[in-house]
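# Chain and residue survey
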Amino acid sequence: EDKVVQSPLSLVVHEGDTVTLNCSYEVTNFRSLLWYKQEKKAPTFLFMLTSSGIEKKSGRLSSILDKKELFSILNITATQTGDSAVYLCAVLINTDKLIFGTGTRLQVFP
Amino acid sequence: ETGVTQSPTHLIKTRGQQVTLRCSSQSGHNTVSWYQQALGQGPQFIFQYYREEENGRGNFPPRFSGLQFPNYSSELNVNALELDDSALYLCASGRGADNEQFFGPGTRLTVL
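One structure accompanies this document, and this report is about it. All of these numbers come straight from a predicted model, not from anything done at the bench. (Residues numbered from 1 in each chain as written. Chains lettered and ligands numbered in written order. Predicted model: local features only at pLDDT ≥ 70, side-chain atom pairs only at ≥ 80, totals over all residues. Heavy atoms only, no water.)

### Some thoughts on the state of the cysteines
What counts is decided by this rule: A pair of sulfur atoms, both from cysteines and within 2.5 Å, is called a disulfide here. Numbering of helices and strands runs from the N terminus; a helix is a DSSP stretch of H or I covering at least four residues, while a strand is a stretch of E covering at least two. Only protein chains enter the accessibility calculation, which uses a 1.4 Å probe; a residue is then buried when its area is under 20% of its type maximum, exposed when over 50%, and partly exposed in between.
Throughout the structure, instances matching the rule amount to two disulfides over all chains. The disulfide bridge from Cys-23 of chain A ends at Cys-89 of chain A, spanning 1.9 Å between sulfur atoms. Where Cys-23 of chain A bonds to Cys-89 of chain A through sulfur, the torsion about that S-S bond is close to -65 degrees, and the disulfide is left-handed. One end of the pair, Cys-23 of chain A, is in strand S3 (residues 19–26); the other, Cys-89 of chain A, is in strand S9 (residues 85–93), and 66 residues separate them in sequence. The class of Cys-23 of chain A is buried, set by a relative accessible area of 1%. Each sulfur of the disulfide joining Cys-23 of chain B and Cys-91 of chain B lies 1.9 Å from the other. Across the S-S bond linking Cys-23 of chain B and Cys-91 of chain B, the dihedral sits near 65 degrees, which makes this disulfide right-handed. Taken together, the residues span a long stretch of sequence, with Cys-23 of chain B in strand S3 (residues 19–24) and Cys-91 of chain B in strand S9 (residues 87–94) at a distance of 68 residues.

### Considering the interface of chain B and chain A
Interface extent is often summarised as the accessible area lost during association of the parts. What counts is decided by this rule: Note on definitions: a residue-residue contact is assigned when non-hydrogen atoms from the two residues lie within 4.5 Å. Once two parts are brought into contact, the accessible area they lose, counted with a 1.4 Å probe and summed over both, makes up the buried area. For this document, the term salt bridge refers to a Lys or Arg side-chain nitrogen within 4 Å of an Asp or Glu carboxyl oxygen. In protein, a polar contact means a hydrogen-donor-capable atom and an acceptor-capable atom, both N or O and within 3.5 Å, with residues adjacent in sequence counting only if both atoms are side-chain atoms; elsewhere, any N or O pair within 3.5 Å suffices. Only Asp, Glu, Lys and Arg are considered charged, only Ala, Val, Leu, Ile, Met, Phe, Trp, Tyr, Cys and Pro nonpolar, and every remaining residue, Gly among them, polar.
Every contact between the two is made by 26 residues of chain B and, on the other side, 18 residues of chain A. Of the roughly 1,800 Å² buried between chain B and chain A, counting both surfaces, carbon and sulfur atoms make up 53%. Where chain B packs against chain A, one counts zero salt bridges. Taken together, chain B and chain A are joined by four residue pairs in polar contact (both at pLDDT 80 or more). Going through the elements one at a time, strand S4 (31–37), strand S5 (44–50), strand S6 (53–57) and S9 of chain B are the ones with two or more residues in the side of chain B that touches chain A. A per-element tally of the side of chain B that touches chain A places S4 of chain B first, with four residues. The residue inventory of the side of chain B that touches chain A, partitioned by class, reads eight nonpolar, 15 polar and three charged.

### Section: the packing of aromatic side chains
Put simply, the rule is: Working definition: rings of Phe, Tyr and Trp (its six-membered ring) pair if their centres are within 6.5 Å, and the pair is stacked with planes under 30 degrees apart, edge-to-face with planes over 60 apart, and tilted otherwise.
For the structure on display, the rule yields 11 aromatic pairs over all chains. With a centroid separation of 6.0 Å and an interplanar angle of 45 degrees, the aromatic rings of Tyr-36 of chain A and Phe-100 of chain A are classed as tilted. Pair noted here: Tyr-36 of chain A is in strand S4 (residues 30–38) and Phe-100 of chain A is in strand S10 (residues 97–100), with a separation of 64 residues, a long-range link. For Tyr-36 of chain A, a relative accessible area of 0% gives the class buried. Looking at Phe-100 of chain A, the relative accessible area reads 6%, which means it is buried. Seen in terms of ring centroids, Tyr-36 of chain A and Phe-103 of chain B are 5.2 Å apart; in terms of plane orientation they differ by 90 degrees. Their pairing is edge-to-face. With Tyr-36 of chain A in strand S4 and Phe-103 of chain B in strand S10 (residues 102–103), this pair bridges two chains.

Set out below in structure tokens:
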């Protein structure tokens, strides 16, 4: 059975801290791995990773994929209160079917 | 804003009733997928439509059905509602394989 596991489930940090969110997966027909940020309702797209070892960056966020060890990490540096959200990792299999993890709830306090 | 819209925003139904949720895709997208997200969980894939045909289905019973229309809008129908159907229902549209999916704001369904 295809599965995506995220850790930790929950994280509480202070502004300015750096956090690392983990995502491991066991799926058939892997196509790519995606990270989403979900604040209230709609998950908003952060990154899509297809190739191993190539870091993607967007401001204070970065992510990398290891297809040999079947995991990805999402790093957030100099966290801000606006980073508080649930971060979802999903693996795209077949044609557009996303398998999601349960998410990591990040709370950033001032 | 992703350009994907859903209606209604919230809905309250009772057990045994039927419900129709609607989604309007982003312009230029030809796939629509539906997901169910229970509280504290990640979204679960229900099914996907491509060119008005079902193109893959998750582990949901037949009382979950859908339609996609020529203008790429879509409906999710759920018959014989059960309490466990209470969830956030998300639709996502995309341009096909290997492209990111963009999510709508969701419909919060409560079944009493």
